[in-house]
Amino acid sequence: MPIELLPEEVIGRIAAGEAIERPASVVKELIENAIDAGAGSVHIEVEAGGRRLLRVTDNGAGIRHAEIELAFKRHATSKLRAVEDLQQLTTLGFRGEALASIAAVSRATIVTRHRQEEMGASLNLRGGFIERLKRVGAPAGTVVAIENLFFNTPARLAFLKSDATEKRHIHWAVLRYAMAYPAIAFGLRQDGRERFRSSGGGELADVVANALGLKAFRSMVAVDSLEALKPGRSRIQVAGFASLPSMSRASRDRIILFVNGRAIQDSALSHAVTQAYDGLLKTGAFPVAVLLITMPPDLVDVNVHPTKAEVRFRDSQLVFVAVQRAVREALLGAADAAPAADLWSATGFTDDAVAYHNAQPAWRKASADDPFDDIGLDSIPAGADAPNRPRTLPVLRVVGQVGAAYIIAEGPAGLYLIDQNAAHERVLYQELIDESANGGVESAALAESQTVLLAPDDAETLREASDLFAQLSFEIEVFGPNSFLIRRAPRIVARLLAADYLPRMLESLRLSRKTAERVTQSLATVAAVRSGQIMQREEMQTLIMQLERCPAPFVSPSGQKTLIHLSREELADEFRRS
Ligand code: ADP
Ligand code: MG
């Protein structure tokens, strides 16, 4: 579209105002123009914090010779024609004000050549007045140089902060656009020194690592979600990176948000990001995040603020939820892959995590130290190192027990119904495997040795499998033809009567191959909490926490399903169905 003056009725409808408050605002506007012009590379040079010089060079479409003067008129734009266009904006600019406002408070020089023209043009302005226009040879693209910013507005000049502060603002303005547009190569030089460079290779990860530093980037997880707005219609996409709880800052200043390619400041949205860390970060600690939010343009109104840094959403709650959920899911999903060291602080027993689990003080004590004996059921030991494994289920909060058989738990992704017996079997089995791998199954001397008289075939099975029982740290002596003396047993059955569980173990062994795996599994089966047993809340929470870190949490070792998950969507669908 050619550059034209906006009609009066459109000017009246756009949120006009003075947008140039500091050098970084100039940089922002010039970068936006370069992006709108389709540039593949944008280079920024700065001297003296932008007071002396700001120069932005792009290889975009350029400006036609015939339109160059018009470009510096207020309300002259190639991006908007009618009020209705505001609903479908695909450009960052639309008011036609920036060049005019910047030129009015500086000495401006623009050298540009339109792609389809042979010759370029050079235009000089001082305080907004044209001093010289001439034809020049120039590469396709545009260079805008702004010198002596605010030379004619001493009040604004006086308001500028130290060079260091203005440099930092400029630096961050460049970083933001580089992250929002990974396919554009950005470069920043301040006082002759290269401060930032991105390749334009199109990978957000590269730019984020480059902008925030590799160390910070390593503490972040990818966020990538498609959130259905109305089924089958518009969608909100949230993509980017968010810090693991092991990294945080004392303020929200590194929650960097873009909506449709526009860097925005929105306290509700950064609050949504922070809320996704509920229970994972201490109060006063804030995450680092770079999130690119994409949605149909008609769902967001950018015409509300002169610097275009604030937007209005047609349904802000929807966007809020989409962002929060995307981040939360990324955090919980990442727990799988993240190293245990990260997980410890991420989802381990920090005070906040404990609070999140809604735990009772008794439970907290029991899981933090080792005395399990304080807990009612000794068949559910907390296993001192149980939490130090990657998480395989999200953090679940116990809601209650039904039918003395199932635990109801709630997680960020919906509702979970857990079969207490199958789940405990899985947890115990894993514990036994881990103990065997780490020096042997933990055993306990029985308070009193137990004599067990077995049926002849059970006695035969026990004799055959005596090595396997020894591996499980049983100490069994032959006491008579079919009777045995038990002196030590694995900790998890130490309080049970051998006469109660041994026959069951042996029977299941006789029916299958007598392998270490099978005998371990049968031990887990006999020691697991039964269906029909009422559990205390702390016991349920301990069990769930252990299940959350089992490598295979969804089935018991004997192949039974441990849990049923009903996602929020499934629940909502279920209720919508009439
Ligand atoms: P807006 O971006 O809101 O249209 P500006 O004052 O920033 O207003 O720019 C006015 C016009 O000048 C733009 O609409 C565009 O046509 C042209 N223009 C400005 N900068 C560039 C650039 N770097 N490359 C090509 N065209 C540009
Ligand atoms: Mg502009």
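Use the structure listed above.
Residues numbered from 1 in each chain as written. Chains lettered and ligands numbered in written order. Predicted model: local features only at pLDDT ≥ 70, side-chain atom pairs only at ≥ 80, totals over all residues. Heavy atoms only, no water.

Regarding the overall build of the chain
- The helix and strand inventory of the chain stands at 20 helices and 24 strands.
- Across the 578 residues in the chain, those meeting the buried criterion constitute 52%.
- By sequence separation, contacts in the chain at least 24 residues apart represent 70% of the contacts at least 6 residues apart.
- As displayed, the chain offers around 26400 Å² of accessible surface, 51% of which is attributable to carbon and sulfur atoms. (Helix = DSSP H or I, 4+ residues; strand = E, 2+ residues; numbered from the N terminus. Buried < 20%, exposed > 50% of the residue type's maximum accessible area, 1.4 Å probe, protein only. Contact = heavy atoms within 4.5 Å. Areas by Shrake-Rupley, 256 points an atom, 1.4 Å probe, with all protein chains shown as cover.)

Considerations on the site of ligand 1
- Within the structure, ligand 1 sits among 19 residues, and N33, T77, S78, K79 and G96 are positioned closest to it.
- Interatomic distance of 3.4 Å between a side-chain N/O atom of T142 and a nitrogen atom of ligand 1.
- Look at ligand 1: alone it shows 530 Å² of surface, and the protein chains cover 94% of it.
- Mapping ligand 1 onto the cavity grids shows that it belongs to the largest pocket.
- For the shell around ligand 1, the elements supplying multiple residues, two or more each, are β4 (76-77) and α4 (98-104). (Near = heavy atom within 4 Å. Polar contact = N/O pair within 3.5 Å; in protein donor to acceptor, adjacent residues only side chain to side chain. 1 Å grid on protein atoms, 1.4 Å probe; cavity = no way out; pocket = protein on both sides within 12 Å on 5 of 7 lines; lining within 4 Å. Sits in = over half its atoms within 2 Å of the grid points.)

Things to note about the layout of surface pockets
- Of the voids in this model, the largest pocket is the one considered here, and its volume is about 830 Å³.
- Forming the walls of the largest pocket are 40 residues, and the residues nearest its centre are I3, N33, I63, S78 and K79.
- Listing elements by their share of the lining of the largest pocket, those giving two or more residues are α2 (23-36), β3 (53-58), β4, α4 and β8 (141-147).
- A per-element tally of the lining of the largest pocket places α2 first, with 6 residues.
- For the lining of the largest pocket, the residue count by class is 19 nonpolar, 11 polar and 10 charged.
- Of the pockets and cavities examined, the second largest pocket occupies roughly 660 Å³.
- Taken together, 22 residues line the second largest pocket, and the ones lying closest to its centre are A24, H169, A173, R176 and Q265. (Points joined across faces, edges and corners; volume = space filled by probe spheres on them. Nonpolar A, V, L, I, M, F, W, Y, C, P; charged D, E, K, R; others polar.)

As for the sheet that holds strand β7 (residues 129-136)
- Spatial ordering of the open sheet is given by β7-β6-β5-β8-β3-β2-β9-β10, a layout of 8 strands whose pairing is mixed. Looking at the sheet topology across the chains shown, the edges are occupied by β7 and β10 (193-197). Going across the sheet, the axis of each strand differs from the next one's by a mean of 10 degrees, ignoring polarity.
- Pairing geometry for β3 and β8, over 6 bridges, is antiparallel. Opposite R55, over in β8, you have A145 as the bridge partner. (Pairing = 2+ DSSP bridges. Axes fitted to C-alpha atoms, helices over the stretch in contact; angles between N-to-C directions.)

With respect to a negative patch on the surface
- Together, E8, E9, E84 and D85 give the surface a local cluster of negative charge.
- Checked against the element boundaries, E9 lands in helix α1 (residues 8-11).
- Of the residues examined, E9 reaches a relative accessible area of 54% and is grouped as exposed. (Patch = residues over 30% accessible without salt bridge, like charges linked within 9 Å, V, L, I, M, F, W, Y side chains within 5 Å. Salt bridge = Lys/Arg side-chain N within 4 Å of Asp/Glu carboxyl O. Lys, Arg positive; Asp, Glu negative; His and termini not counted. Charge placed at Lys NZ, Arg CZ, Asp CG, Glu CD.)

What to know about the packing of aromatic side chains
- With the rule as written, the count across this model stands at 3 aromatic pairs.
- Between F217 and F241, the aromatic rings sit 5.1 Å apart at their centres with planes inclined by 65 degrees, giving edge-to-face as the arrangement. One end of the pair, F217, is in helix α8 (residues 214-218); the other, F241, is in strand β12 (residues 235-243), with 24 residues separating them in the sequence.
- When the ring of F469 is compared with that of F474, the centres are 5.3 Å apart and the planes differ by 55 degrees; the resulting orientation is tilted. For the pair formed by F469 and F474, the shared burial category is buried. (Phe/Tyr/Trp six-rings, centres within 6.5 Å; stacked < 30°, edge-to-face > 60°.)

Examining the side chain of D419
- As for its placement among the helices and strands, D419 is situated in strand β20 (residues 414-419).
- Lacking a salt bridge, the buried D419 has R530 as its closest oppositely charged neighbour, with an N-O distance of 9.8 Å.
- A distance of 3.0 Å separates the side chain of D419 from the backbone nitrogen of N421, its partner in a polar contact.

Observations concerning the nonpolar core
- By size, the foremost hydrophobic cluster in this structure holds 65 residues, and its most contacted members are I44, M179 and F186.
- At 8 residues, helix α6 (residues 163-180) tops the list of elements feeding residues into this core.
- Split by domain, this core shows at least three residues from each of two domains, domain 1 (8-197) and domain 2 (213-337).
- Discounting residues that sit within four places of it in the chain, M179 has contacts with W172, L204, V207, V208, A211, I256, F258, V290 and L292.
- One finds V10, I236, I293 and A330 within the second-largest nonpolar core, a separate group that totals 44 residues. (Core = buried A, V, L, I, M, F, W, Y, C linked by side-chain atoms within 4.5 Å. Domains from an automatic or database assignment.)

Digging into the side chain of S219
- Relative to the assigned elements, S219 resides in the loop between α8 and β11 (220-228).
- Exposure remark for S219: the relative accessible area of 18% places this residue in the buried category.
- The residues touching S219, leaving out its near neighbours within four places in the chain, are A242, S243, L244, S246 and M247.

Things to note about the packing of helix α14 (residues 420-437) against helix α18 (residues 516-527)
- Where α14 meets α18, the axes come as close as 8 Å, and the angle between the chain directions of the two elements is 135 degrees. Classified by the interaxial angle, the pair formed by α14 and α18 is oblique. Pair α14 / α18 crosses with right-handed handedness. Every residue of α18 that contacts α14 at H424, E425, L428, Y429 and L432 is listed here: E517, T520, Q521, L523, A524, T525 and A527.
- Here the residues of the contact of α14 with α18 are counted per class, giving 6 nonpolar, 4 polar and 2 charged. (Parallel < 35°, antiparallel > 145°, perpendicular 65-115°, else oblique. Left-handed = near helix turned anticlockwise from the far one by under 90°.)

Quick notes on the sheet that holds β20
- The 4 strands are arranged β18-β19-β20-β24 in an open sheet whose pairing can be described as antiparallel. Every interior strand has two partners, whereas the edge strands, β18 (397-402) and β24 (563-567), have only one. Here the strands of the sheet are splayed against their neighbours by 20 degrees on average, with no regard to which way each runs.
- Judged from the 5 bridges that link them, β20 and β24 form a sheet pairing that is antiparallel. Bridging across to β24, L415 finds its partner in L566.
- Sitting on the sheet, α14 touches β18, β19 (406-411) and β20, and the angle it makes with β20 is about 80 degrees.
- Across the sheet, helix α20 (residues 568-576) touches β20 and β24, and the angle it forms with β24 is around 70 degrees.

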